Amino acid sequence: MFDRLIDLSVRFRWGVLFAVLAISAVGVFNVLRLPIDAVPDITNKQVQINTVASSLSPTEMETRVTFPIETALAGIPGLESTRSISRNGFSQVTAVFTEQTDVYFARQQVSERLVQAGESLPAGVEPSMGPVSTGLGEVLMWTVAYEHPEGKGAKIVDGQPGWQSDGSFLTAERERLDTPIARASYLRTVQDWIVRPQLRSVQGVAGVDEPDPTRMASFGVSWSELAHALEAANQSVGANFVERGGEAFLVRANALIQNLDQIRTASVATREGVSILVRDLAEVRIGGDLRTGAASENGEEVVVGTVLMLVKENSRTVSSAAAARLTEVAKSLPPGVKVQIVYDRSNLVNATIETVERNLAEGAVLVAAALFLILGNWRAALIATLLIPLSMLMTAIGMNQLAVSGNLMSLGALDFGLIIDGAVIVIENCLRRLSERQHHEGRLLTLDERLGEVVAATREMVKPTIYGQIIILLVFAPLLTFSGVEGKTFSPMAITLMLALVSAFILSLTLVPALVAIVVRG
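Residues numbered from 1 in each chain as written. Predicted model: local features only at pLDDT ≥ 70, side-chain atom pairs only at ≥ 80, totals over all residues. Heavy atoms only, no water.

Enumeration over the complete set of coordinates arrives at five aromatic pairs. Measuring from centroid to centroid gives 5.2 Å for tryptophan 163 and phenylalanine 169, while their planes differ by 75 degrees, and the two rings are edge-to-face. A relative accessible area of 7% places tryptophan 163 in the buried class. Judged by centre distance (6.1 Å) and plane angle (45 degrees), the ring pair of phenylalanine 169 and tyrosine 186 falls under tilted. Of this pair, phenylalanine 169 sits in strand 7 (residues 169-170) while tyrosine 186 is found in helix 5 (residues 180-198), placing the two residues 17 residues apart along the sequence. Each of the two residues, phenylalanine 169 as well as tyrosine 186, counts as buried. (Phe/Tyr/Trp six-rings, centres within 6.5 Å; stacked < 30°, edge-to-face > 60°. Buried < 20%, exposed > 50% of the residue type's maximum accessible area, 1.4 Å probe, protein only. Helix = DSSP H or I, 4+ residues; strand = E, 2+ residues; numbered from the N terminus.)

With that out of the way, let us pick up the sheet that holds strand 1 (residues 45-52). Whenever strands of a sheet pair, they do so through backbone hydrogen bonds, lying parallel or antiparallel. The four strands lie next to each other as 2-3-1-4, forming an open sheet whose pairing is antiparallel. Every interior strand has two partners, whereas the edge strands, strand 2 (79-87) and strand 4 (128-129), have only one. Alignment of strand 1 against strand 4, held across two bridges, turns out to be antiparallel. Considered in strand 4, the bridge of isoleucine 49 is made with methionine 129. Sitting on the sheet, helix 4 (residues 103-117) touches strand 1, strand 3 (90-97) and strand 4, and the angle it makes with strand 1 is about 35 degrees. (Pairing = 2+ DSSP bridges. Contact = heavy atoms within 4.5 Å. Axes fitted to C-alpha atoms, helices over the stretch in contact; angles between N-to-C directions.)

Turning our attention to the pattern of salt bridges. Taken as a whole and judged by the stated rule, the model has twelve salt bridges. Residue arginine 325 pairs with glutamate 328 through a salt bridge whose shortest N-O separation is 2.9 Å. Taken together, the residues span about one helical turn, with arginine 325 and glutamate 328 both in helix 10 (residues 315-330) at a distance of three residues. We classify glutamate 328 as partly exposed; its relative accessible area is 45%. Between glutamate 453 and arginine 433 there is a salt bridge, with the nearest N and O atoms lying 3.0 Å from each other. Highlighted residues: glutamate 453 in helix 16 (residues 447-460) and arginine 433 in helix 15 (residues 421-441), separated in sequence by 20 residues. A single network of salt bridges, built from pairs that share partners, joins Arg432, Arg433, Glu436, Arg437, Glu449, Glu453 and Glu460. (Salt bridge = Lys/Arg side-chain N within 4 Å of Asp/Glu carboxyl O.)

Moving on: helix 1 (residues 2-11). Residues separated by three or four positions in an α-helix point in the same direction, a consequence of the helix having 3.6 residues per turn. Those residues of helix 1 that fall on the buried side of the exposure criterion are Ile6, Asp7, Ser9 and Val10. Here the buried residues of helix 1 occupy an arc of 160 degrees about the axis, which is enough to place them on one side. Here the buried face of helix 1 lies against helix 2 (13-33), helix 16, helix 17 (462-476), helix 18 (484-509) and helix 19 (511-519). (Arc of directions from axis to C-beta.)

Glancing now at the sheet that holds strand 8 (residues 176-177). The strand order 6-7-8 describes an open sheet built from three strands, whose pairing is antiparallel. Edge positions in the sheet fall to strand 6 (162-163) and strand 8, since each has one partner strand and no second. Where strand 7 meets strand 8, two bridges bridge the pair, whose relative direction is antiparallel. Counterpart to phenylalanine 169 in the pairing with strand 8 is leucine 177.

The subject of this paragraph is the UniProt feature "transmembrane region" (unreviewed entry) in the protein chain. UniProt's feature table lists "transmembrane region" (unreviewed entry) at residues 12-32, 364-388, 408-427, 466-485 and 497-520, given in the numbering used throughout. Helix makes up 80% of residues 408-427 and strand 0%. Its end C-alpha atoms lie 32 Å apart. (UniProt positions renumbered as here; feature names shortened; annotations may be inferred.)

A cluster of nonpolar residues, Phe372, Leu373, Ile374, Trp378, Leu382 and Leu386, forms a patch on the protein surface that exposes about 680 Å² of accessible area. Every element with two or more residues in the nonpolar patch is listed here: helix 11 (345-375) and helix 12 (378-401). Examined against the element boundaries, leucine 386 turns out to sit in helix 12. (Patch = residues over 30% accessible without salt bridge, like charges linked within 9 Å, V, L, I, M, F, W, Y side chains within 5 Å. Areas by Shrake-Rupley, 256 points an atom, 1.4 Å probe, with all protein chains shown as cover.)

This part takes up unusual backbone geometry. Phi angles above zero are rare outside glycine, and asparagine 298 is one such case at about 55 degrees. Given the relative accessible area of 77%, asparagine 298 is considered exposed. Even without glycine at this site, alanine 403 takes up a positive phi of about 60 degrees. By the element assignment, alanine 403 lies in the loop between helix 12 and helix 13 (408-412).

What follows is about helix 2. For helix 2, spanning 21 residues, the distance from its first C-alpha to its last is 30 Å, which sits close to the expected 30 Å at 1.5 Å a residue. If you check which residues of helix 2 are buried, you get Arg13, Val16, Val20, Ser24, Gly27 and Asn30. Projected down its long axis, helix 2 carries its buried residues within an arc of 120 degrees, all on one side. Residues of helix 2 that are exposed and angled more than 90 degrees away from the buried face: Phe18, Phe29 and Leu32. At its buried positions, helix 2 is contacted by helix 1, helix 12, helix 16, helix 18 and helix 19. (Expected span 1.5 Å × (residues − 1).)

See below:
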């Protein structure tokens, strides 16, 4: 079989050259599509279920939320284990699946079980699954903060949005933020309603009012009456339509709360013909939601946002696109507020790629120089050196097919000496036979004589080449048997190196004799 392949490669040498060029073009396309990361993703297959219930204590969260969810997940196909945490008003259950389980199938099964678990959960508690991401999915982090914290160094113009002379912050909506909680809440509002929607993740923020129980008791108003009054004052109702001139005009009543004054003037009840307003019962001001954490930068409290990458995406592409989008978002922020990137995975990935590229380039130059000194023929050295980029392009095709990402472990493990080993012995044997035949004939060889010597020389090296490649492949084969963290760490390296060796072996028996027949003359 190999003899036939070698004979055809030399006979149709120009066809082999064009075929390799076509495969190289496909390889370039695959290199551009190859997922690039700094290190292999060793995270297991998992689905997280998050539940928020601000009124429950950690013990209640564990018994009434976490335990029912964990019980409902039992028996899912492919489920290995579950773990959970229960905090004040927050529960997180992590379901770990086997590596053979498709993550979207796992999420579908979890979703069905959550529907069943909903009957045993407290009223109003709705668990939700986390994003389709992994432990290494955090590719971009940013902070939302004031340009001049506490007004230090700010140009103060009273009445204009920004810091005021009394130490408060005036928003673009003319709301005065005079407490640290109000200012932190405003940053969270900017994050949730301006930054996050433009990064395709929307979440609302609730306001807080603080009733005075003594004043409520003096007016005979209960907590439920106050709550119903606020709900009734914040509605948008669709009515009917009015037909006029063959056209229908929709009628709707928009009573949504727009500012704090509308909350203050909302009517709660009537006592002796006098309307009791919210401002009579409580001090209405901007507050914050239930605090579950805090973030600071240089000693000042800020809001931190994170972009989570989908599973099997290209981290460099995702982080670069998110950073570019965040730059556009910064232009639409309110006066006095800034957004700043504090972590960009693409910087780490680019630094890793530069290190790998430099090492590969230096290795290729050293190999080329060594080949020239050993073979004593610059054309033969060039043929052997060409196998390095060509085998890399073919390797990229296999990596995409096998879903192996390019990282410091997979690409950094490539050894050019191993890759071109087969090509070197084929080229050296070709040069030996050509020189001996030419010395024996005492003249330059004809085309048929050169082609015959190339075929014969390559056939002589088939067995040594095969045995050498098999030995190297067997050395790295045990790495493919690793499982868990070890498998995810070392398997990409073994797969990449094996793909490169197989690619170089194919090229050694096809392209190398074809190029020797074309360029080695005289």
